[in-house]
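Summary of the model geometry
What follows is the residue order along each chain.
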Amino acid sequence: MLNQTIVRVGVRYGVLCGLASFVILLALHLMGFNALGDAGRWSYLPLPIFIFMGLRYFKQFHDAEVGFWKGVRVSLSVTFYTALSAAMLLYLMLYLAGPEIIQQHVVELRALLDQSREAQIKLLGESNFEQAYKELDNLSPSMLATHDFLGRMLVGAMFSVVAAVFFRK
């Protein structure tokens, strides 16, 4: 179970990390990059830093004998609140900024799909490729925020295991 101390550490470091990630996304957008595409991967950089900082804080001030599973719980708590806050802020940005950001992202995705059309058709099949190509028109802020949330959770889970091994007793 999660205790209150783990949740507090997760909220403190997770929300700060989510805010730092959003600032990176916003800076990329303001510099003219597609923050929803490959350039947006730079916003994942604070995640391992804040996971390690949160786990170090927990070990230093709350439980000096952190075992593997408790380390995983603390790290996943930081990851969850990071993903949640970053996805909510991304949703707000996309909703308030209008459809221009999403349309720019769709144009870049279509160009990428056109470049690798042959390989994608071999991998997915003709009908699935055409369906995926048509579904690009239906991208919404909530779909992009959900994708961002799941991506951060996956990356954070990997770093959580590494951090738990590093900080175990």
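Look up: the structure comes first, before these words.
Structural notes, computed from the coordinates.

So, how was this worked out
- Residues numbered from 1 in each chain as written.
- Predicted model: local features only at pLDDT ≥ 70, side-chain atom pairs only at ≥ 80, totals over all residues.
- Heavy atoms only, no water.
- Helix = DSSP H or I, 4+ residues; strand = E, 2+ residues; numbered from the N terminus.
- Buried < 20%, exposed > 50% of the residue type's maximum accessible area, 1.4 Å probe, protein only.
- Contact = heavy atoms within 4.5 Å.
- Core = buried A, V, L, I, M, F, W, Y, C linked by side-chain atoms within 4.5 Å.
- Axes fitted to C-alpha atoms, helices over the stretch in contact; angles between N-to-C directions.
- Parallel < 35°, antiparallel > 145°, perpendicular 65-115°, else oblique.
- Left-handed = near helix turned anticlockwise from the far one by under 90°.
- Nonpolar A, V, L, I, M, F, W, Y, C, P; charged D, E, K, R; others polar.
- Polar contact = N/O pair within 3.5 Å; in protein donor to acceptor, adjacent residues only side chain to side chain.

**Quick notes on the overall build of the chain**
Helices and strands together make up the secondary structure of the chain, namely seven helices and zero strands. Overall, the chain shows an N-to-C arrangement of helices and strands of α-α-α-α-α-α-α. Each principal axis of the C-alpha atoms in the chain carries an extent, and together these give about 55 × 35 × 25 Å. Here the chain holds 169 residues, and the buried ones make up 38% of them. Pairs at least 24 residues apart make up 80% of the contacts formed inside the chain by residues separated by at least 6 positions.

**Things to note about the nonpolar core**
By size, the foremost hydrophobic cluster in this structure holds 16 residues, and its most contacted members are Leu36, Leu90, Met93, Leu94, Ile101, Ile102 and Leu144. Taken together, the elements giving at least two residues each to this core come down to α1 (4–30), α3 (68–97) and α4 (100–115). Take this core: its biggest share by element is four residues, from α4. Apart from residues lying up to four places away in sequence, Leu94 is in contact with Leu36, Ile101, Ile102, Pro141 and Leu144.

**Some details on the packing of α1 against helix α2 (residues 46–61)**
The contact between α1 and α2 brings their axes to 9 Å, and the two run at 155°. In terms of axis orientation, α1 runs roughly antiparallel to α2. Between α1 and α2 the crossing geometry is right-handed. On α2, the residues that touch Thr5, Ile6, Val9, Arg12, Tyr13, Leu16, Cys17, Ala20, Ser21 and Ile24 of α1 are Pro46, Leu47, Phe50, Met53, Gly54, Tyr57 and Phe58. Of the residues assigned to the contact of α1 with α2, the class counts are 13 nonpolar, three polar and one charged.

**As for the side chain of His105**
Within the secondary structure, His105 sits in helix α4. A polar contact is formed between the side chain of His105 and the side chain of Asn34, at a distance of 3.2 Å. In contact with His105, not counting residues within four places along its chain, are Asn34, Leu36, Gly37, Leu139 and Leu144.

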